[in-house]
Amino acid sequence: MIDGWDAAFDSIEDLISIHDNNFCILKVNKAFSKSVGIPPGKLIGRKCYEVMHAANGPRLSCCHKLAIEGKESKTEENFEPLLKKFFQVSCSPIFDNNKKIIGTVHIARDITGLKRAEERLRQHSNEIEEQLKVIAENAPVFLLQLNRQGHIDYINHAFPQFESDEILGKPFVNFISPEFRPLFLNMLKEVNGEKKFIENELQFAGNHNEPPWYRIKLSPIYRKRTLDRFLVICTDISEIKGKEFEIEKQRQEIIHAHRVLALNEFASSLAHEINQPLTAILSNAQAAQRILSQTDPSLMEFKEIVADIVLATNRAAEVIHRLRKLIKKGEVEFIKLDINMLVNDTVLLLSSNALIKNKFLKTELTPGLPAIIGDRIQLQQVLLNLIMNGLDAMVDAGPEAKDLVIRTSLKDPKTVVVAVEDSGHGFPKSSLGKPFDHFFTTKTQGMGLGLPISFSIVQAHGGQLIVKNKPAGGATVYFSLPVSKDD
Amino acid sequence: MSKNLPFVYIVDDEESVFKAVTRIIKSAGYAVETFNSANSFLSLQDIKHPSCLVLDIRMPGISGLALQETLQNKGIFIPIIFITGHGDIPMTVKAMKAGAIDFLPKPFDQKTLLDLIRVALTKDKLDQKRLNEKAKIQELISVLSPRELQVMKLVIKGMLNKQIAQELKLSIKTVKIHRGHLTQKLQVKSVAELVRLGQLANLKSSV
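Residues numbered from 1 in each chain as written. Chains lettered and ligands numbered in written order. Predicted model: local features only at pLDDT ≥ 70, side-chain atom pairs only at ≥ 80, totals over all residues. Heavy atoms only, no water.

Draft legend 1. Quick peek at the overall build of chain A. Scanning chain A from N- to C-terminus turns up 14 helices and 17 strands. A globule of 487 residues ought to have a C-alpha radius of gyration of about 23 Å, yet chain A, at 45 Å, is considerably larger. Its C-alpha atoms give chain A principal-axis dimensions of about 150 × 65 × 40 Å. Counting across all 487 residues of chain A, residues that qualify as buried make up 41%. In chain A, once contacts between residues fewer than 6 apart in sequence are set aside, the share between residues at least 24 apart is 53%. If you sum the accessible surface of chain A, you get close to 27,600 Å²; carbon and sulfur atoms cover 55% of it. Here chain A contributes 60 positively and 60 negatively charged side chains, and the mean placements of these two sets differ by 4 Å. (Helix = DSSP H or I, 4+ residues; strand = E, 2+ residues; numbered from the N terminus. Rg over C-alpha atoms; globule rule 2.2 N^0.38 Å. Buried < 20%, exposed > 50% of the residue type's maximum accessible area, 1.4 Å probe, protein only. Contact = heavy atoms within 4.5 Å. Areas by Shrake-Rupley, 256 points an atom, 1.4 Å probe, with all protein chains shown as cover. Lys, Arg positive; Asp, Glu negative; His and termini not counted. Charge placed at Lys NZ, Arg CZ, Asp CG, Glu CD.)

If you want it as structure tokens, here you go:
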């Protein structure tokens, strides 16, 4: 039996030996003696540290020593300079009948090949890491790694406005302009799913007048199929944005200039509009003077006159206020608007203009329409353009063309439509495709900018503007506007 | 009491304006009646006199200018003072040509308004007097027989009895009898008076 076991041990490539409590070798297998180059007979009785380590005593980390002291199996990995090999060593204690330790079974597995491969791999991965670092550090974009909570773990190079150590470990969202924070938090939420990445343009926080704009691409990084981290790629788009803003500003200036020009056209109707209350005020005031000069002036009547003067003054002030609102040049402000109210306001501004031209403005407004989102002044300008165009077309068509109708309706639950229907001659067939070309005009005194500007305003509001000729003559201009989401 | 006061009618779609104007006119001692459209004025059964009309030239529906024309077509005589606004010059010219008293560009002074009303009322008095006279003459003429009317027209034309007899194929004696009857009916003493009557009654001198 014993011989059979020896044969078995000898066939194992690991170095197997049995040592007693005093580090004396009691038994070795073939692999052991072959490895140290000493026949088994000459090894028995020798101290293991002399044979293996050419030392005078056990090493501190010797697992044979530790196994005896701890009375349990121990393992260690160590390099044997003598054999120039890495070993994984395990020592299991051997007990006598009285459960007293009498030695250990010492098994040393040569792991030199494994160690070398591991080392090569480590070196290789260090090299790759180094290369990636160089690439990252020289990339013209900002690369960040965020942990699952969105805190910054890594950044390739510092943002011009923040020091790297100022931002490491902090939530990335802190460095985004407050108004864009909800957007970014939403990106973090949404990218954690099917989506491979989400891209958005947003502004960073900063003390500058014009904080920088970045295009942010957020991608999730998975580990073992669960979300582990995020990769953020930030590209500085401040310059592009600057140009976009410049173009938008120029567009707004053209729109404004056109609005002022259009206003000149109905200056006379405004004079009429203001003359009305002015007449009432003057006549009332003079009536009051007359009443006061009477022998028995009626205080009651005097009171009524003063109240009427106040009313008329308010009315004149309101005309001026409406005009001011229209001429005002300011930032475009998208707010919730009642389209019917907007139509009514504009019709009030233009009704005198229509009357002077012997035409009438009629409205057919669908009550209770949902609010739309838009800029009041610009949308009013669209209505103004379309109504003035319609009136002019009707003047050209002669006195039979009397009514211009403005309708509002709900096309579908998400879209409101405004139709401006004139009774003029309509667009010539050959030009139905042209009304949106700049400087195209059917009017003798037109600039040809009204429709293109209206078109661009409606488009900027997410709507559409179309022109149709009516079968019975006259043209209808329709424009649609999306309703406010929370309405 | 107001029955004896001169009457001023105001037609204006602007309530604030006609209210104020009403106050001024009333304080000057006139009776005032206001209408907010041409149509409501046209539905008025009986226009009092002496009176005048203060009329906004520009109104929705029937304009002031159109109302002036309608009144003339209906043979209703009332002096009109137009209230005009900015840019109403072409309309104002038309209104003046059609016989308006004057026009008041808004805003206007009370003195100007009251002066014009005085002028208008004076004219209306004269107009009414002339109209009454005309009506009276027409009434007289209406009692003439067709033959007498024929004779009268020829007399006005300046024909002698002999010529009239020839023209109407009557005897001179018969013509003389007709002449006697008609001068009696019309209470005139001379040919000259007869001619004046004929003019006032717009009598055409054709047969």
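Draft legend 2. Broad picture of the packing of helix 6 (residues 146–156) of chain B against helix 9 (residues 191–200) of chain B. Residues and elements named next belong to chain B. Running from N to C, helix 6 and helix 9 cross one another at 105°; their axes reach a closest spacing of 9 Å. With respect to helix 9, the axis of helix 6 lies roughly perpendicular. Residues Met152, Val155 and Ile156 of helix 6 touch helix 9, and the partners they reach there are Val191, Leu194, Val195 and Gly198. Taken together, the residues that form the contact of helix 6 with helix 9 break down as 6 nonpolar, 1 polar and no charged. (Axes fitted to C-alpha atoms, helices over the stretch in contact; angles between N-to-C directions. Parallel < 35°, antiparallel > 145°, perpendicular 65-115°, else oblique. Nonpolar A, V, L, I, M, F, W, Y, C, P; charged D, E, K, R; others polar.)

Draft legend 3. Inspection of helix 5 (residues 110–142) of chain B at higher detail. Residue and element names in this part refer to chain B. Over its 33 residues, helix 5 runs 46 Å from end to end, which matches the ideal 48 Å to within 8%, given 1.5 Å per residue. What helix 5 keeps buried is the set Gln110, Leu113, Leu114, Leu116, Ile117, Ala120, Leu121, Asp124, Asp127, Gln128, Ile137 and Ile141. Capping the start of helix 5, Asp109 holds a side-chain oxygen 3.0 Å from the backbone nitrogen of Lys111, two or three residues further along. (Expected span 1.5 Å × (residues − 1). Polar contact = N/O pair within 3.5 Å; in protein donor to acceptor, adjacent residues only side chain to side chain.)

Draft legend 4. The arrangement of helix 3 (residues 64–73) of chain B in detail. All names here are of chain B. Of the positions making up helix 3, those classed as buried are Gly64, Leu65, Leu67, Gln68 and Leu71. The arc that holds the buried residues of helix 3, viewed along the axis, is 160°, so those residues lie on one side. Exposed residues on helix 3 whose side chains face more than 90 degrees from its buried face are Glu69 and Asn73. Structurally, helix 3 contributes buried residues whose contacts are with strand 1 (7–11), helix 2 (38–42), strand 3 (51–56), strand 4 (80–84) and helix 4 (89–97). (Arc of directions from axis to C-beta.)

Draft legend 5. Just unusual backbone geometry, in detail. Cis rather than trans, the peptide bond between His49 of chain B and Pro50 of chain B has omega equal to 0°. Examined against the element boundaries, Pro50 of chain B turns out to sit in the loop between helix 2 and strand 3. Here the bond from Lys106 of chain B into Pro107 of chain B is cis, since omega is -10°, no more than 30 degrees from zero. Of note in this structure, Arg225 of chain A is not a glycine but carries a positive phi near 65°. As for its placement among the helices and strands, Arg225 of chain A is situated in the loop between strand 9 (213–223) and strand 10 (226–236). Arg225 of chain A sits in the exposed class, given a relative accessible area of 81%.

Draft legend 6. Fine view of the side chain of Glu148 of chain B. All names here are of chain B. By the secondary structure assignment, Glu148 is in helix 6. Take Glu148: its relative accessible area is 5%, and that puts it in the buried class. With residues near it in sequence (within four places) discarded, Glu148 still touches Val143, His178, His181, Leu182 and Lys185.

Draft legend 7. Up close: the pairing of strand 6 (residues 142–147) of chain A. Residue and element names in this part refer to chain A. For strand 6, a buried count of 5 out of 6 residues is recorded, marking the element as mostly surrounded by other parts of the structure. Here strand 6 pairs with strand 10 via 6 bridges, running antiparallel. Looking at the pairing, Phe142 lines up with Cys234 of strand 10. Relative to strand 7 (residues 152–155), strand 6 is paired through 3 bridges, and the arrangement is antiparallel. Among the inter-strand pairings, Gln145 is bridged to a residue of strand 7, identified as Tyr154. Hairpin connection, strand 6 to strand 7: the antiparallel pair is bridged by 4 residues, and Gly150 has positive phi, about 90°. (Pairing = 2+ DSSP bridges.)

Draft legend 8. Geometry of the nonpolar core. Residue and element names in this part refer to chain A. Within the largest apolar cluster, 40 residues are counted, with the highest numbers of intra-cluster contacts made by Ile339, Leu361, Ile387, Leu404, Ile406 and Phe479. Of all elements in the fold, only helix 9 (238–265), helix 12 (339–356), helix 13 (376–397), strand 14 (403–412), strand 15 (415–421), helix 14 (450–460), strand 16 (465–469) and strand 17 (475–482) reach the threshold of two or more residues within this core. Here this core takes 10 residues from helix 13, the largest share from any one element. Setting aside anything within four residues of it in sequence, one finds Ile339 in contact with Leu369, Ile372, Thr408, Val416, Val418 and Leu481. (Core = buried A, V, L, I, M, F, W, Y, C linked by side-chain atoms within 4.5 Å.)

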